[in-house]
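For reference, the chains in residue letters:
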Amino acid sequence: MTKPVPIHQVDAFTDVPFRGNPAAVCLLDAARDAAWMQDVAAEMNLAETAFLWRDADAYRLRWFTPAVEVPLCGHATLASAHVLFETAREKPDAEIAFETLSGRLLAAREGGWIRLDFPALPPRAEPTAPPPGLMTSLGLAAARVYEVPRPNTSDGPSWLVEVASLADVLAVRPDFGALRRVSGHAVILTARGEGDHDFVSRFFVPKAGIDEDPVTGGAHCSLAPFWSARLGREELTGFQLSLRTGIVRVRQRGARVHLLGQAVTVLRGELNA
């Protein structure tokens, strides 16, 4: 009989259950076959399922959507760190190292938050002509579009689309069938924020099997340098305007970005397959 695998479902980038972005976290004793991981992720049917196991001084960490493995995921990394702290596998003052397809990522507690140290993925400095079909698939007549290079990937850049206001971000109703045919990986829609939030965003990645992601750590690796340059501050607060909503605090640190978030466990169990 297969040894049961501990599995947790965590709502990330929120301190309230059923908000933020849900991720499954599988705690393995050793590496498992990638096809098995993909099957588990499809079974869980969440934006991301994380698989981690101890390896020397770090944890190996891989992320899968229901359709594909991805090279970087913020909310499932936050969820993984949250589970390691919550289950006392790591001490409260520990700095956790994850070895991933995007290199070594670090996580540590900071007050009631968890801080992630991620690579910055800045958009190109100048706007570019949008790829064919992008604007019509978003239902936009005008916006500034910036290319976001994605190193070590084969599916092309992402596109950061800046609109005039929070209301404009909320008003977008994408045609996901059309957006799936647009070149590139994903779309980050953003505008300056209001009140306590310096900027707002939404994130669309239908090619990975996720039409709209609830809260996206990886997108904030691009949003942090983008808005830091415009607002003249290194520390900012982002609000993702999905139906579930979520808060991501960011710190621009040169070639790195600190992402700070909270998380809530909503389910614990065992995977018997």
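Up top you'll find the structure we're talking about.
Each chain carries its own residue numbering, running from 1 in the direction its sequence is written. Where totals are concerned, whole chains, interfaces and linings use all residues; where local detail is concerned, this predicted model gives features only for residues with pLDDT of at least 70, and gives and counts side-chain atom pairs only at 80 or more. Excluded from the side-chain calculations are hydrogens and water; all other atoms, namely the structure's heavy atoms, are used.

### A short note on the packing of aromatic side chains
Thought 1: Planes of paired rings set the category: under 30 degrees apart is stacked, over 60 is edge-to-face and the rest tilted, where pairs are Phe, Tyr or Trp rings (Trp by its six-membered ring) whose centres lie within 6.5 Å. One pass over the full model with this rule turns up seven aromatic pairs.
Thought 2: Ring centres 5.7 Å apart and planes at 85° place the aromatic pair Phe-51 and Phe-64 in the edge-to-face group. Here Phe-64 lies in strand β4 (residues 58-64) and Phe-51 lies in strand β3 (residues 48-55), a separation of 13 residues in the sequence.
Thought 3: Between buried and exposed lies partly exposed: a residue is buried under 20% and exposed over 50% of the maximum accessible area for its type, with that area taken using a 1.4 Å probe on protein chains only. Exposure remark for Phe-51: the relative accessible area of 0% places this residue in the buried category.
Thought 4: Take Phe-64: its relative accessible area is 3%, and that puts it in the buried class.
Thought 5: Plain terms: the ring middles of Phe-226 and Trp-227 are 5.2 Å apart, the flat faces sit at 90° to each other, and that makes the pair edge-to-face. The same class applies to Phe-226 as to Trp-227, namely buried.
Thought 6: Taken together, the ring pairs in this structure connect Tyr-146, Phe-199, Phe-226 and Trp-227 into an aromatic cluster.
Thought 7: One residue, Arg-54, lies across the ring of Tyr-59, its end atom 4.6 Å from the ring centre.
Thought 8: As a reminder, the over-ring test applies to NZ of lysine and CZ of arginine, requiring each to be within 6 Å of the ring centre and within 35 degrees of the ring normal. If you follow Arg-109 out to its NZ or CZ, it ends over the ring of Phe-85, 5.7 Å from the centre. A run of DSSP states H or I qualifies as a helix once it reaches four residues; a run of E qualifies as a strand once it reaches two. Both are numbered from the N-terminal end.

### Re the nonpolar core
Thought 1: Judged by nonpolar contacts, the single largest core of 54 residues is most densely connected at Leu-52, Trp-63, Ile-96, Phe-98 and Leu-259.
Thought 2: Of the residues forming this core, the biggest block, seven residues, is contributed by helix α2 (residues 74-86).
Thought 3: Leu-134, Leu-138, Val-169 and Val-200 belong to the second largest nonpolar core, which has 21 residues in total. The term nonpolar core refers to a set of buried residues drawn from Ala, Val, Leu, Ile, Met, Phe, Trp, Tyr and Cys, joined through side-chain atoms within 4.5 Å.

### A short note on helix α1 (residues 34-44)
Thought 1: Of the residues making up α1, those classed as buried are Trp-36, Met-37, Gln-38, Val-40 and Ala-41.
Thought 2: The contact criterion used throughout is that any non-hydrogen atoms of two residues lie within 4.5 Å. If you follow the buried residues of α1, they end up packed against β1 (5-12), β2 (21-27), β3, β4, β5 (69-70) and β17 (263-271).
Thought 3: Phi for Asn-45, located one or two positions after α1, is positive at around 55°.

### Here we look at the pattern of salt bridges
Thought 1: The working definition used for a salt bridge is a side-chain nitrogen of Lys or Arg within 4 Å of a carboxyl oxygen of Asp or Glu. Overall, the coordinates contain 19 salt bridges when judged by the stated rule.
Thought 2: The closest approach of N and O atoms between Glu-90 and Arg-54, which form a salt bridge, is 2.8 Å. Taken together, the residues Glu-90 in the loop between α2 and β6 (95-100) and Arg-54 in strand β3 connect sequence positions 36 residues apart.
Thought 3: The exposure class assigned to Glu-90 is buried, which follows from its relative accessible area of 14%.
Thought 4: The exposure class assigned to Arg-54 is partly exposed, which follows from its relative accessible area of 44%.

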